[in-house]
Amino acid sequence: MTTNESTAVSTATKKWDTRFLSLAAHISAWSKDPSSQVGAVITDGNRIVSLGYNGFAAGVADTTERLVDRATKLNLTIHAEENAMIFAKRDLRGCTVYVTHPPCPRCASKLIQDEIGRVVFIAPSEDFLSRWAADLELSYQMYREADIAVSSYALDEISVDNAQITIAPGGFFKKILERLLQKF
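In what follows, the accompanying structure is described.

Conventions adopted
- Residues numbered from 1 in each chain as written.
- Predicted model: local features only at pLDDT ≥ 70, side-chain atom pairs only at ≥ 80, totals over all residues.
- Heavy atoms only, no water.
- Helix = DSSP H or I, 4+ residues; strand = E, 2+ residues; numbered from the N terminus.
- Contact = heavy atoms within 4.5 Å.
- Areas by Shrake-Rupley, 256 points an atom, 1.4 Å probe, with all protein chains shown as cover.
- Buried < 20%, exposed > 50% of the residue type's maximum accessible area, 1.4 Å probe, protein only.
- Salt bridge = Lys/Arg side-chain N within 4 Å of Asp/Glu carboxyl O.
- Arc of directions from axis to C-beta.
- Phe/Tyr/Trp six-rings, centres within 6.5 Å; stacked < 30°, edge-to-face > 60°.
- Lys NZ or Arg CZ within 6 Å of the ring centre and 35° of its normal.
- Core = buried A, V, L, I, M, F, W, Y, C linked by side-chain atoms within 4.5 Å.

### As for the overall build of the protein chain
So, point 1. Secondary structure summary: the protein chain contains eight helices and eight strands in total.
So, point 2. Across the protein chain, the fraction of contacts at a sequence separation of at least 24, relative to all contacts at a separation of at least 6, is 65%.
So, point 3. Carbon together with sulfur atoms contributes 54% to the accessible area of the protein chain, which is approximately 10100 Å² in total.

So, in structure tokens, the structure goes:
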């Protein structure tokens, strides 16, 4: 895990971070985007405030033609973080947002404006960084200037064991979570 927080993340914090990142990963599967599925969870402490995934606005047709045309898709897509903020319908001051990918500068600026206290995401892959490193550095710069805490977890840290989830006999949830995390 990497962090710009002044103190090390506690075991309890890591447990909840892992749980909410797992939930964000689950939520990301709701996106119809064939190339980038992103999920976001906003919490106040350990309580869920809102969920979001990337997609078109309600009522806007998400046709295959639009989804495969990159320029059109980018213009029509509301990012996961934006959707979660829109659906929160409340003050987000001091809340934490958990995202499957590091927020882009556009979303970072909105999170900062909404006074989110902490941003947590799954560490980006080398492939992701090869395309978006400059944008992400701008997001990180804004977080530093606004004094927003940022944490990232390597994908292998997002597991049932780290989340300390109690598994019912038969392990159905564990099987589902492992299958879900394999897509990353």
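### Quick look at unusual backbone geometry
So, point 1. Of note in the backbone geometry, E115 takes a positive phi value of approximately 60° without being a glycine.
So, point 2. Along the polypeptide, E115 turns up in the loop between α5 (105-113) and β7 (118-122).
So, point 3. Its identity is not glycine, yet D147 carries a phi of approximately 60°, on the positive side.
So, point 4. Residue position: D147 is located in the loop between α6 (126-146) and β8 (149-153).
So, point 5. The class for D147 is exposed, based on a relative accessible area of 70%.

### Notes on helix α4 (residues 80-88)
So, point 1. Most of α4 is tucked away: seven of the nine residues are buried.
So, point 2. As for α4, its buried residues are in contact with β2 (39-44), β3 (47-53), β4 (55-56), β5 (77-78), β6 (96-99) and α5.

### Let's talk about the pattern of salt bridges
So, point 1. Overall, the coordinates contain eleven salt bridges when judged by the stated rule.
So, point 2. Linking D17 and R118 is a salt bridge whose minimum nitrogen-to-oxygen distance equals 2.6 Å. Linking D17 in helix α1 (residues 11-28) with R118 in strand β7, this pair joins segments that are 101 residues apart in sequence.
So, point 3. Looking at D17, the relative accessible area reads 1%, which means it is buried.
So, point 4. Among the ionic pairs, D33 bridges to K73, the shortest N-O distance being 3.1 Å. With D33 in the loop between α1 and β2 and K73 in helix α3 (residues 70-76), this pair connects stretches of sequence that are 40 residues apart. Taken as a pair, D33 and K73 share a single burial class, namely buried.

### Considerations on α5
So, point 1. For α5, the set of buried residues is P105, C107, A108, L111 and I112. For α5, the arc enclosing every buried residue in end-on projection is 160°, short of the 170-degree limit, so these residues lie on one face.
So, point 2. Backbone geometry just downstream of α5 places E115 in the positive-phi region, at approximately 60°.

### Notes on the packing of aromatic side chains
So, point 1. Scanning the model with the defined rule gives four aromatic pairs in all.
So, point 2. Between W30 and Y53, the aromatic rings sit 5.9 Å apart at their centres with planes inclined by 85°, giving edge-to-face as the arrangement. Linking W30 in the loop between α1 and β2 with Y53 in strand β3, this pair joins segments that are 23 residues apart in sequence.
So, point 3. You can call W30 partly exposed: its relative accessible area is 42%.
So, point 4. Among the aromatic residues, those joined into a ring-pair cluster are W16, F20 and Y98.
So, point 5. The ring centre of W16 lies 4.6 Å from the NZ or CZ of R19, which sits over that ring.

### Some words on the nonpolar core
So, point 1. One finds I42, L92, V97, L111, I116, V119 and Y143 to be the most contacted residues of the largest nonpolar core, which totals 20 residues.
So, point 2. Put simply, the parts of the chain that give this core at least two residues each are β2, α4, β6, α5 and β7.
So, point 3. When residues of this core are assigned to their parent elements, the largest contribution, four residues, is made by α4.
So, point 4. In this structure V119 touches V97, P103, L111, Y143, I148, A149, V150 and S151, once residues within four positions along its chain are discounted.
So, point 5. The next biggest cluster of nonpolar side chains, apart from the first, holds nine residues, and it includes L21, V41, Y153 and I158.

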